[in-house]
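Chain residues, written in single-letter form:
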Amino acid sequence: MSWKGVIEAYRSFLPVTENTPVVTLYEGNTALLPAPRLSERLQVHLYLKFEGQNPTGSFKDRGMTMAVSKAVESGSKAVMCASTGNTSASAAAFAARAGIKCVVLVPNGYIALGKLAQALIHGAEVIAIEGNFDTALRLVRKVTGEHPLTLVNSLNPHRIEGQKTAAFEICDQLGFAPDYLALPVGNAGNITAYWKGFREYASAGRVSGTPKMLGFQAAGAAPIVRGEVVTEPQTVATAIRIGNPASWQKALEALKESQGRIETVTDEEIISAYQLVARTEGLFVEPASAAALAGVIKLAGEGFFPPGSHVVCIMTGHGLKDPDTTLKTCSLKPAVVPPDKNRVLDVLEKLQVL
Ligand code: F0G
């Protein structure tokens, strides 16, 4: 049977009826890739859920198919969000698909190039504010509270409903619930969604048990770990450059109920994991996604995981979204040579592949 998106796949778990106009880009059904090299190194069974395979290149599409479908069902003519980039790209694409308007507020200068390009090509009205994500979200909440635009940030419960389908997919792909689920935490919607999904699948008898949730924040943007709002969050992982997460409380509940943990990772650890997963497993993810892997590497180094644990790491977004960071951090550069076979062979000589 061909895949028709997460609403069709998991309809019975979602608040939709036959009257809901399904706005979909056939999101979901992303690969759960075994990571043999990293598994050996870390002494766990590590799997990477590659959410970069979604149509706009991030997990946001799972939530956006629900949020935009429900917005259209309720007669809304426009959606609005604050975003570090991926939510705006996804909202813009789904709004285009639905034929409604989309307005996005982004932190000026702190959104990856690809994400900005996506919002623009899909025809969204992009407002770049001189402030960070937290300020943008505050403004969007005010405007959508007073005017008839539908808020499509993860405060919109339909977003969480859509995003929880990733937990269902992982259970279906593995055949069981993993022992640990690691993911980056920004506004904390996704950790909330995964925990809801795992609990619901277990309650429905589809799997027995639920994973422990492991959240990772960038050291310069770690309000949940530190227990206080960060007024000027900073990190190379701009997607999670957030100092006052909207779903803070729900994240704490997920951590407590699952007996999980939330930790920081430094920008150096993030970039190192970013390069490692690209070179050893062939997966190009964005820096925020690498924060989850950096966290798993850190915990494995502390002997945290019992040997043989099944660990799933969520690779939340595609590396192509942020080519600037790649070029800035990658030590390899193209070898520029004259168009001459011998000059090409000179390069190969050094590589010892002849
Ligand atoms: N990874 C990526 C690639 C993201 O874009 C985000 C959030 C997260 C992780 C964290 O997820 O916020 O649910 O805890 N991006 C939002 C945005 C904030 O505007 O695109 P979260």
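As recorded in an unreviewed UniProt entry, the protein goes by Threonine synthase and comes from Thermacetogenium phaeum. Check the Catalytic activity (unreviewed entry) section of the UniProt entry for the protein; it says "O-phospho-L-homoserine + H2O = L-threonine + phosphate".

A. Seen up close, the sheet that holds strand E8 (residues 212-218). If you walk across this open sheet you meet the 6 strands as E1-E2-E10-E7-E8-E9, and the pairing is mixed. With partners counted over all chains shown, the strands left at the sheet margins are strand E1 (32-34) and strand E9 (261-265), one partner each. The sheet shows a mean angle of 25 degrees between the axes of neighbouring strands, direction not considered. The strands that helix H13 (residues 287-301) touches are strand E2 (45-50), strand E7 (180-184), E8, E9 and strand E10 (310-315); relative to E10, the one it contacts most, it runs at about 155 degrees.

B. Inspection of unusual backbone geometry at higher detail. Unusually for a residue other than glycine, Gln-43 sits at a positive phi of about 60 degrees. Although it is not a glycine, Gln-352 adopts a positive phi angle of roughly 60 degrees. Within the secondary structure, Gln-352 is located in the segment after helix H15 (341-351). In this structure Gln-352 comes out as exposed when scored by relative accessible area, which is 74%.

C. Representation of the domain arrangement of the protein. As far as domains go, the protein holds domain 1 (6-58 + 157-329) and domain 2 (66-151). Facing the 35 residues of domain 1 at the interface are 27 residues of domain 2. Three residues, Val-23, Arg-241 and Lys-321, lead the burial of domain 1 against domain 2; their summed loss comes to 24% of the area buried on that side. The residue Glu-286 makes a salt bridge to Lys-115 at a minimum N-O spacing of 2.7 Å. Inspection of the domain 1/domain 2 interface yields 15 residue pairs in polar contact (both at pLDDT 80 or more). Here the element with the most residues in the side of domain 1 that touches domain 2 is helix H7 (residues 157-163); it accounts for 4 residues. Here the residues of the side of domain 1 that touches domain 2 are counted per class, giving 13 nonpolar, 14 polar and 8 charged.

D. A look at the UniProt feature "binding site: pyridoxal 5'-phosphate" (unreviewed entry) in the protein. In the UniProt entry, the feature "binding site: pyridoxal 5'-phosphate" (unreviewed entry) is given for Asn-86, Gly-186, Asn-187, Ala-188, Gly-189, Asn-190 and Thr-316. In three dimensions, the annotated residues from a span of 231 residues occupy one location, with a maximal C-alpha spread of 14.2 Å. When you line up the elements, Asn-190 lands in helix H9 (residues 189-203). Apart from residues no more than four positions distant in its own chain, Asn-190 is found in contact with Phe-59, Gln-163, Leu-183 and Thr-316. With respect to the helices and strands, Thr-316 occurs in the loop between E10 and helix H14 (323-329).

E. Just the pattern of salt bridges, in detail. Counted according to the given criterion, the structure contains 16 salt bridges. Notably, a salt bridge pairs Glu-161 with Lys-164, separated by 2.5 Å at the nearest N-O pair. We classify Glu-161 as buried; its relative accessible area is 12%. A residue is classified by how much of its surface remains accessible, and Lys-164, at 1% relative accessible area, is buried. The partner of Arg-261 in a salt bridge is Glu-263, and the shortest N-O contact between them spans 2.5 Å. Overall, Arg-261 belongs to the partly exposed group, its relative accessible area being 30%. Salt bridges sharing common partners tie together Lys-49, Glu-51, Arg-62 and Glu-169.

F. Spotlight on the sheet that holds strand E5 (residues 125-129). Reading across the sheet, the 4 strands line up as E5-E4-E3-E6 and stay open at both edges, with parallel pairing between neighbours. Edge positions in the open sheet fall to E5 and strand E6 (150-151), since each of these has one partner strand only. Pairing between strand E4 (residues 101-107) and E5: 5 bridges, direction parallel. Looking across to E5, one finds that Val-103 is bridged to Glu-125.

G. Structural detail: the packing of aromatic side chains. One pass over the structure, following the stated rule, counts 9 aromatic pairs. Both rings, one in Tyr-274 and one in Phe-284, keep their centres 6.5 Å apart while their planes meet at 45 degrees; by these two values the pair is tilted. Highlighted residues: Tyr-274 in helix H12 (residues 267-281) and Phe-284 in the loop between H12 and H13, separated in sequence by 10 residues. Assessed through its relative accessible area of 4%, Tyr-274 is described here as buried. Residue classification places Phe-284 among the partly exposed residues on the basis of a relative accessible area of 27%. Ring-pair connections join several aromatic residues into one group, and the members of that group are Tyr-10, Phe-13, Phe-168 and Tyr-201. Its guanidinium or amino end placed over the ring of Tyr-110, Arg-241 lies 3.6 Å from that ring's centre, counting from NZ or CZ.

H. Spotlight on the site of the ligand. Around the ligand, a shell composed of 20 residues is seen, among which Ser-83, Asn-187, Ala-188, Asn-190 and Thr-316 lie nearest. One nitrogen or oxygen atom from the side chain of Thr-316 is found 2.7 Å from a nitrogen atom belonging to the ligand. Out of a free accessible area of 470 Å², the ligand has 98% covered by protein chains. Broken down by secondary-structure element, the contributors of at least two residues to the shell around the ligand are helix H4 (86-98) and H9.

Conventions adopted
Residues numbered from 1 in each chain as written. Predicted model: local features only at pLDDT ≥ 70, side-chain atom pairs only at ≥ 80, totals over all residues. Heavy atoms only, no water. UniProt positions renumbered as here; feature names shortened; annotations may be inferred. Pairing = 2+ DSSP bridges. Helix = DSSP H or I, 4+ residues; strand = E, 2+ residues; numbered from the N terminus. Axes fitted to C-alpha atoms, helices over the stretch in contact; angles between N-to-C directions. Contact = heavy atoms within 4.5 Å. Buried < 20%, exposed > 50% of the residue type's maximum accessible area, 1.4 Å probe, protein only. Domains from an automatic or database assignment. Buried area = accessible area lost by both parts, 1.4 Å probe. Salt bridge = Lys/Arg side-chain N within 4 Å of Asp/Glu carboxyl O. Polar contact = N/O pair within 3.5 Å; in protein donor to acceptor, adjacent residues only side chain to side chain. Nonpolar A, V, L, I, M, F, W, Y, C, P; charged D, E, K, R; others polar. Phe/Tyr/Trp six-rings, centres within 6.5 Å; stacked < 30°, edge-to-face > 60°. Lys NZ or Arg CZ within 6 Å of the ring centre and 35° of its normal. Near = heavy atom within 4 Å. Areas by Shrake-Rupley, 256 points an atom, 1.4 Å probe, with all protein chains shown as cover.

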